[in-house]
2 protein chains.
Amino acid sequence: MTVTVENTHAPTSLNLTPSRRAVLDIVKSAGRPMKAYDILSKLQEVIKHAKPPTVYRALDYLVTNHVLHRVNNQNAFMHCQQHVECSKQQEERVSILFSCQLCGAVIENANHSLTAIIKQMTGSLGFKSDADMVECSGVCQDCR
Amino acid sequence: MTVTVENTHAPTSLNLTPSRRAVLDIVKSAGRPMKAYDILSKLQEVIKHAKPPTVYRALDYLVTNHVLHRVNNQNAFMHCQQHVECSKQQEERVSILFSCQLCGAVIENANHSLTAIIKQMTGSLGFKSDADMVECSGVCQDCR
DNA sequence: TGCATTTAGATATAATATAACATACAATAG
DNA sequence: CTATTGTATGTTATATTATATCTAAATGCA
Ligand SMILES: [Zn+2]
Ligand SMILES: [Zn+2]
Ligand SMILES: [Zn+2]
Ligand SMILES: [Zn+2]
């Protein structure tokens, strides 16, 4: 099955097999980052024989294709929030994940200034940023 | 024992007990991020009865006091590279860790533009960045 | 059809991190 | 000094996160 998804980070087509689709639906509908083994529990309601590799393989695929993001400071996975209108000029931009240490909520954001400064820093260091994503932890508005 | 360490991120004094001191020395002398269980192996050469909690407790302390940083995208720990001259105006700055996915090397860096843009973004989102640290993964100069 | 490639199933285990409880040690107030 | 409190450590066990490996099925294509 091939499906088109509007997503700044994503390619235009995905091979969404049943287990990938199910994992994507689970994470997307959660609306917040989910842990791999919580995803597994949900997945087993639909695919009984699902095992850790089932989940991690699907997550690898979806993260590689930028449909999901890995939130490193939580060991969790979230749906990409950048479903965008104006995706044309944004292919080269850097996004940032603001991750709340208290409630786990993540806000994905981006802007041109951030992109510019990161590009400038990586350039002067000879560093190639392949992730186009940075992470920042803290405390969100609701938790303050 | 109380010791003074020159470090942008660090407080002026630390309670470096033997196990904390040993963990710090191990990570510092590695010159690159180390995994907790690799630290444990080294530590056991000095403190035979060291166990995982020995290492994790020391790491917690040293990370909390900004002598070490946790590199989330590697599950590793590195010595702070910002031992600074000009620490006066830099208390509020944001640092960034550029982490190479191939060799694991990390470059810690900071500048005022980055600090400004992160502060602006967090401010407009009502997000309180407590870490003053962001992470960016990619490929370093040597690995290209 | 035959062959290569990708995806998935299944079992086991590796790697990372913490819980819980007991003990020792250090600072200080009475 | 000694009781009390807070901090740090020892020890055992276990929780959490992630991958290796081998087999088999499904898919795409010559
Ligand atoms: Zn995204
Ligand atoms: Zn929050
Ligand atoms: Zn630092
Ligand atoms: Zn490298």
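The model shown is predicted, which means the values in this text are computed figures rather than measured ones. Counting of residues starts from 1 at the beginning of each chain's written sequence and follows it residue by residue. Chain letters and ligand numbers both follow the written order, the letters beginning at A and the numbers at 1. In view of the model being predicted, local features appear only for residues whose pLDDT reaches at least 70, and side-chain atom pairs are presented and counted only at 80 or more, with totals across whole chains, interfaces and linings using the full set of residues. Note that the side-chain values use all heavy atoms of the structure and ignore hydrogens as well as water.

(A) Here's a closer look at the overall build of chain A. The secondary structure content of chain A amounts to 4 helices and 8 strands. Starting at the N terminus, helices and strands are each numbered in turn, a helix being any DSSP run of H or I of at least four residues and a strand any DSSP run of E of at least two. Shown N-terminal to C-terminal, the secondary structure of chain A runs as helices and strands in the order β-β-α-β-α-α-β-β-β-β-α-β. Throughout, exposure labels follow a simple rule: accessible area from a 1.4 Å probe, protein chains only, divided by the maximum for the residue type, with under 20% read as buried, over 50% as exposed, and the rest as partly exposed. Looking at chain A as a whole, 49% of its 144 residues are labelled buried. By definition, residues are in contact when any of their heavy atoms lie within 4.5 Å. Considering only intrachain contacts with a sequence separation of at least 6, the fraction spanning at least 24 residues in chain A is 57%.

(B) Looking closely at the side chain of Ser137 of chain A. Residue placement: Ser137 of chain A occurs in strand β8 (residues 133-138). Identification of polar contacts relies on pairs of N or O atoms within 3.5 Å, with a donor-acceptor requirement for protein atoms, meaning one able to donate a hydrogen and the other able to accept it, and with residues adjacent in sequence counted only if both atoms are side-chain atoms. There is a polar contact of 3.1 Å between the side chain of Ser137 of chain A and the side chain of Gln101 of chain A.

(C) Focus on the packing of aromatic side chains. Residue and element names in this part refer to chain A. Classification of ring pairs uses Phe, Tyr and Trp, with its six-membered ring standing for Trp, and accepts pairs whose centres are within 6.5 Å; under 30 degrees between planes counts as stacked, over 60 as edge-to-face, and the remaining range as tilted. Per the counting criterion, the structure on display carries 4 aromatic pairs over all chains. Measuring from ring centre to ring centre gives 6.3 Å for Tyr37 and Tyr56, while their planes differ by 65°; the resulting arrangement is edge-to-face. With Tyr37 in helix α2 (residues 36-46) and Tyr56 in helix α3 (residues 52-64), this pair connects stretches of sequence that are 19 residues apart. You can call Tyr56 partly exposed: its relative accessible area is 36%. For a Lys NZ or an Arg CZ to count as sitting over a ring, it must be within 6 Å of the ring centre and within 35 degrees of the ring normal. Over the ring of Tyr61 we find Arg20, and its NZ or CZ is 3.7 Å from the ring centre.

(D) A look at the interface of chain B and chain A. In this assembly, 35 residues from chain B lie in contact with 35 residues from chain A. A combined buried area of about 2,900 Å² lies between chain B and chain A, and 65% of that area is made up of carbon and sulfur atoms. For this document, the term salt bridge refers to a Lys or Arg side-chain nitrogen within 4 Å of an Asp or Glu carboxyl oxygen. Inspection of the chain B/chain A interface yields 0 salt bridges. Taken together, the links from chain B to chain A amount to 7 residue pairs in polar contact (both at pLDDT 80 or more). When contributions to the side of chain B that touches chain A are tallied by element, the ones reaching two or more residues are β6 (95-100), β7 (106-110), α4 (112-125) and β8 (133-138) of chain B. Broken down by element, the side of chain B that touches chain A gets its largest block of residues, 7 residues, from α4 of chain B. The term buried area refers to how much accessible surface (probe radius 1.4 Å) is lost by two components on association, counted for both of them together.

(E) A look at the coordination of the zinc ion (ligand 4). Residue and element names in this part refer to chain B. Only nitrogen, oxygen and sulfur atoms within 2.8 Å of the metal, or 3.2 Å for Na, K and Ca, are treated as donors, and water is left out, so sites may look incomplete. At this site the zinc ion (ligand 4) is bound by Cys100 (SG), Cys103 (SG), Cys140 (SG) and Cys143 (SG), with donor distances of 2.2 to 2.4 Å. If you look at the zinc ion (ligand 4), its 4 donor atoms make angles of 107 to 112° with each other, and the shape they trace is tetrahedral. All donor residues of the zinc ion (ligand 4) come from one chain, and their arrangement in sequence is C-x2-C-x36-C-x2-C. Of this pair, Cys100 sits in strand β6 while Cys140 sits in the segment after β8, placing them 40 residues apart in sequence. The pair formed by Cys100 and Cys140 is uniform in burial state, with each residue classed as buried. Under this scheme a four-donor centre is tetrahedral when all angles range from 85 to 135 degrees, a four-donor centre is square planar and a six-donor centre octahedral when opposite donors are above 155 degrees with the rest from 65 to 115, and any other centre is irregular.

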